Amino acid sequence: MNKKWCCDAFEHTFDQRHGRTIYVIAEPPSHASKFPSFWIAMSSVTSSDRAALSNGVIPDLGFPITIGTRVPIQHCPWCGRNLLKFYGLTPEHLYDESIEESQP
């Protein structure tokens, strides 16, 4: 097993983070917590479309839409490993500032 990833599904889902899909990501410790946080998220637009939306290019659909959402996770949804125990306090390869900045 590759020690960088808890399982192939977690790696594959992280690699999909710039598309229109479900993905996983981690964020570094913050002032609120000394531990990194792990998230499962969904985006209905690609990263490039997200950038256009943040620049004010928002279509008038006449109703609200959800561009993306996320929830914190503690265990891998596929293999069940405790993410903090597996990845430790410094899972830098799971950080992506471009995703963090565009999240709701």
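Residues numbered from 1 in each chain as written. Predicted model: local features only at pLDDT ≥ 70, side-chain atom pairs only at ≥ 80, totals over all residues. Heavy atoms only, no water.

Asks: Looking at this model, I keep getting lost on the pattern of salt bridges. Mind explaining?
Replies: Opposite charge on two side chains permits pairing when their charged atoms draw close. Applying the stated criterion to the full structure yields two salt bridges. Between Asp 96 and Arg 17 there is a salt bridge; the shortest N-O distance is 2.6 Å. Residue Asp 96 is located in the loop between helix H3 (83-87) and helix H4 (97-102), and its partner Arg 17 is located in the loop between helix H1 (8-15) and strand S1 (22-27); the two are separated by 79 residues in the primary sequence. Both residues of the pair, Asp 96 and Arg 17, belong to the buried class. (Salt bridge = Lys/Arg side-chain N within 4 Å of Asp/Glu carboxyl O. Helix = DSSP H or I, 4+ residues; strand = E, 2+ residues; numbered from the N terminus. Buried < 20%, exposed > 50% of the residue type's maximum accessible area, 1.4 Å probe, protein only.)

Asks: Which parts of the structure should I look at to understand the packing of aromatic side chains?
Replies: What the rule picks out here adds up to five aromatic pairs. Taken together, the aromatic side chains of Phe 10, Phe 38, Trp 78, Phe 86 and Tyr 87 make up a single cluster linked through ring pairs. (Phe/Tyr/Trp six-rings, centres within 6.5 Å; stacked < 30°, edge-to-face > 60°.)

Asks: Can you walk me through a nonpolar patch on the surface in this structure?
Replies: A contiguous nonpolar surface patch, about 250 Å² in accessible area, is contributed by Phe 35, Leu 84 and Leu 89. On the secondary structure map, Leu 84 appears in helix H3. (Patch = residues over 30% accessible without salt bridge, like charges linked within 9 Å, V, L, I, M, F, W, Y side chains within 5 Å. Areas by Shrake-Rupley, 256 points an atom, 1.4 Å probe, with all protein chains shown as cover.)

Asks: What exactly am I supposed to notice about the sheet that holds S1 here?
Replies: Sheets are built from strands paired through backbone hydrogen bonds, the pairs being either parallel or antiparallel. Pairing in this open sheet of three strands is antiparallel, and the strands run S1-S2-S3 from one edge to the other. Every other strand in the sheet has two partners, leaving S1 and strand S3 (68-73) as the edge strands with one partner each. Averaged over all pairs of adjacent strands, the angle between their axes in this sheet comes to 30°, without regard to strand direction. Pairing of strand S2 (residues 37-43) with S3 involves six bridges; the strand directions are antiparallel. Its bridge partner being in S3, Ile 40 is matched across the sheet by Val 71. (Pairing = 2+ DSSP bridges. Axes fitted to C-alpha atoms, helices over the stretch in contact; angles between N-to-C directions.)

Asks: Even after reading the chapter, I still don't get H1, so can you show me in this structure?
Replies: An α-helix turns once every 3.6 residues. As a result, residues three or four positions apart point the same way. Buried within H1 are the following residues: Phe 10, Thr 13 and Phe 14. Buried residues of H1 fall within an arc of 100° about the axis and therefore sit on the same side. (Arc of directions from axis to C-beta.)

Asks: What should I look at first to understand the environment of Thr 21 in this one?
Replies: Along the chain, Thr 21 falls in the loop between H1 and S1. A relative accessible area of 30% means that Thr 21 is categorised as partly exposed. Taking the C-alpha atoms as reference points, Thr 21 and Val 45, separated by 24 residues in sequence, lie 8.2 Å from one another. When neighbours within four sequence positions are excluded, Thr 21 is seen to be in contact with Gln 16, Ala 41, Met 42 and Ser 43. (Contact = heavy atoms within 4.5 Å.)

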